[in-house]
Amino acid sequence: MKKIISCACVAIMGGLLFLGAQKDVKGSNVATGDTELGKMWTAMDHDPISVADYEMKDYVTVCDYKDLEVEVPAVTVDRSMVINSINQALTNYPDYEKTEKKVVEKGDVVNIDYEGKIDGKKFEGGTDTGSHLEIGSGSFIEGFEDGLIGAKVGQTLDVKTKFPDPYENNEELSGKEAVFTVTVNSIEQTIYHTYDDVTDEFVKENLGYETKDDLFNYVLNYQKDEAEKNKETATRDAVLAVMLKNSKVKVPDELLEYKIREYLSNFISGVVESGGKVEDYLQQVYQTTPAKFEKNVTGQMKKSIKTQMLLYTVAANEKIEVDKEGFKSYVQAFINHYQFKDKKELYKEIPEKEIKLAYRANKATEFLLGKAKITYVQQDNDSEER
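The rules behind the values
Residues numbered from 1 in each chain as written. Predicted model: local features only at pLDDT ≥ 70, side-chain atom pairs only at ≥ 80, totals over all residues. Heavy atoms only, no water. Core = buried A, V, L, I, M, F, W, Y, C linked by side-chain atoms within 4.5 Å. Buried < 20%, exposed > 50% of the residue type's maximum accessible area, 1.4 Å probe, protein only. Helix = DSSP H or I, 4+ residues; strand = E, 2+ residues; numbered from the N terminus. Contact = heavy atoms within 4.5 Å. Pairing = 2+ DSSP bridges. Salt bridge = Lys/Arg side-chain N within 4 Å of Asp/Glu carboxyl O. Axes fitted to C-alpha atoms, helices over the stretch in contact; angles between N-to-C directions. Parallel < 35°, antiparallel > 145°, perpendicular 65-115°, else oblique. Nonpolar A, V, L, I, M, F, W, Y, C, P; charged D, E, K, R; others polar. Phe/Tyr/Trp six-rings, centres within 6.5 Å; stacked < 30°, edge-to-face > 60°. Lys NZ or Arg CZ within 6 Å of the ring centre and 35° of its normal.

(A) Fine view of the nonpolar core. With 44 residues, the main nonpolar core has W41, L68, M243, F267, F293, M309 and L368 as its most contacted residues. Among the secondary structure elements, those contributing two or more residues to this core are β4 (69-74), α3 (212-246), α4 (253-273), α5 (278-286), α6 (290-317) and α9 (352-371). Looking at which element gives the most residues to this core, the answer is α6, with 10 residues. Sequence-distant contacts of M309, that is, excluding residues within four places in its chain, are made with V51, M56, Y59, V60, V249, K250, V251 and P252. In this structure, I112, L133, I141 and F163 belong to the second largest nonpolar core, which totals 22 residues.

(B) Representation of the pairing of strand β9 (residues 177-191). Note: strand β5 (residues 95-98) against β9, four bridges, orientation antiparallel. In the sheet register, E97 faces β9, and the bridge partner there is Q189. Two strands pair when backbone bridges link them, and strand β6 (residues 109-118) and β9 are joined in this way by nine bridges, in the antiparallel orientation. Bridge assignment links V109 to a residue of β9, and that residue is E188. Of the strand pairs in this sheet, strand β8 (residues 156-162) and β9 are connected by seven bridges, and their pairing is antiparallel. Paired with T161 across the strands is A178, a residue of β9.

(C) Seen up close, the pattern of salt bridges. Under the counting rule described, the total for this entry stands at 13 salt bridges. Connected through shared salt-bridge partners, K101, E105 and D108 make up one network.

(D) Expanded view of the packing of α6 against α9. It is at 8 Å that the axes of α6 and α9 come closest, and there the two elements cross at 75°. As the angle between them shows, α6 and α9 are arranged roughly perpendicular. Side by side, α6 and α9 meet where Q308, L311, Y312, V314, A315 and A316 of the first sit next to L357, R360, A361, A364, T365, F367 and L368 of the second. Taken together, the residues that form the contact of α6 with α9 break down as 10 nonpolar, two polar and one charged.

(E) Structural view of unusual backbone geometry. Cis geometry marks the peptide bond from D165 to P166; its omega dihedral reads 5°. With respect to the secondary-structure elements, P166 resides in the loop between β8 and β9. For D119, which is not glycine, the phi dihedral falls at a positive 55°. Tracing the chain through its elements places D119 in the loop between β6 and β7 (121-134). Given the relative accessible area of 75%, D119 is considered exposed. Within the chain, Q339 stands out as a residue other than glycine whose phi angle is a positive 60°. Its location among the elements puts Q339 in the loop between α7 (324-338) and α8 (343-349).

(F) The arrangement of the packing of aromatic side chains in detail. Considering all chains together, one arrives at 23 aromatic pairs under this definition. Taking the centre distance of 6.4 Å and the plane angle of 15° together, the rings of Y218 and Y222 count as stacked. Remark: Y222 and Y218 occur in helix α3; sequence separation between them is four residues, near one turn of the helix. The class of Y222 is partly exposed, set by a relative accessible area of 44%. Sitting over the ring of Y195, K212 keeps its end group 4.6 Å from the ring centre. Taking NZ or CZ as reference, K231 lies 4.2 Å from the ring centre of Y376, over its face.

(G) Spatial organisation of the packing of α3 against α6. Running from N to C, α3 and α6 point in directions that differ by 90°, and their axes come no closer than 10 Å. Here α6 runs roughly perpendicular to α3, going by the angle between their axes. Mapping the contact onto sequence places L240, M243 and L244 in α3 and K303, K306, T307, L310, L311 and V314 in α6. Residue classes in the contact of α3 with α6 are distributed as six nonpolar, one polar and two charged.

(H) Representation of the environment of I49 in the model. By secondary structure assignment, the location of I49 is in the loop between β2 (15-17) and β3 (60-61). Taking the C-alpha atoms as reference points, I49 and E254, 205 residues apart in sequence, are found 8.4 Å from one another.

(I) Main features of the environment of T235. Residue position: T235 is located in helix α3. Remark: the alpha-carbon pair of T235 and L369, spanning 134 residues in sequence, is separated by 8.0 Å. Setting aside residues up to four positions removed in sequence, T235 forms contacts with V72, L369, I374 and Y376.

Spelled out as structure tokens, the structure:
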């Protein structure tokens, strides 16, 4: 699938980026095989348009940005957060204890051996021994779990099923009928562990850490790192939100439509190239329709353009230009992040002037953060020890 970089503001290196694969835009017209998706799903037959093509003074009235007062929510990582995360992870490593129960009912956890066949032949992934299954969980294909209700411990029976069509886990099995020969070994009780009761041996065997203390310290440090990253992101977002609220920005209609079409045409091309249909893809991945998706993209895109126009204005006001060494590092970070082969490949997809614009926007963001009066407001972490 094509690199789709232009929707909303892509955060990289602590800055904002609003770029697109512009080489594909001029004259492109994507055939989707779907129903009519509207004009916005076809790229404009137009040379690339950039914020840099406009005089910001004609569209932007920027607020006093050197003394912005901003409140930012912050979370302090504490023991309860760490323990809660570990306990959540431990739910993936339960133990099982046999019960005296003899007949399978919905809600039971059964230990089974099974062998699946299609047209009398075994197929890959259709056989297992000692597998645990909660009846009614929907973990297996439709019909399998219901077919075990009423079975007795020690009984071997055949369960007839049919794979869904399509079957994403293995397309070759889509829509095919299968017979599973199943032996019910036992009905068992699931025992979940918590940090308080696990041993060092259990942690080493299942989670790969020498001791439970090592596990605790790893999760603690990880959550602290994540909290710091979230704090930085929240600070940047809050400063830009105040800028947007207190400034006036008129987005050029032609620029907005171009950027929306640029994104949507690249998006739809990527879906079609991977063999899918846009309507199906949006429903499966985002649980939305093309019309709602377009509306969402439009809103995000307008906000992103406004933000970029403000930052471009600040950069001009403060005479923030592109310095050679800083830009070189920024480009390399961009290449690494989006896995381009080299600078030449990057510039084929995204014009150098757009990346320079993004770099200046990034520098302008750093300038604003340095000037803002930021207050961090402590938030409850809403975690509870299990």
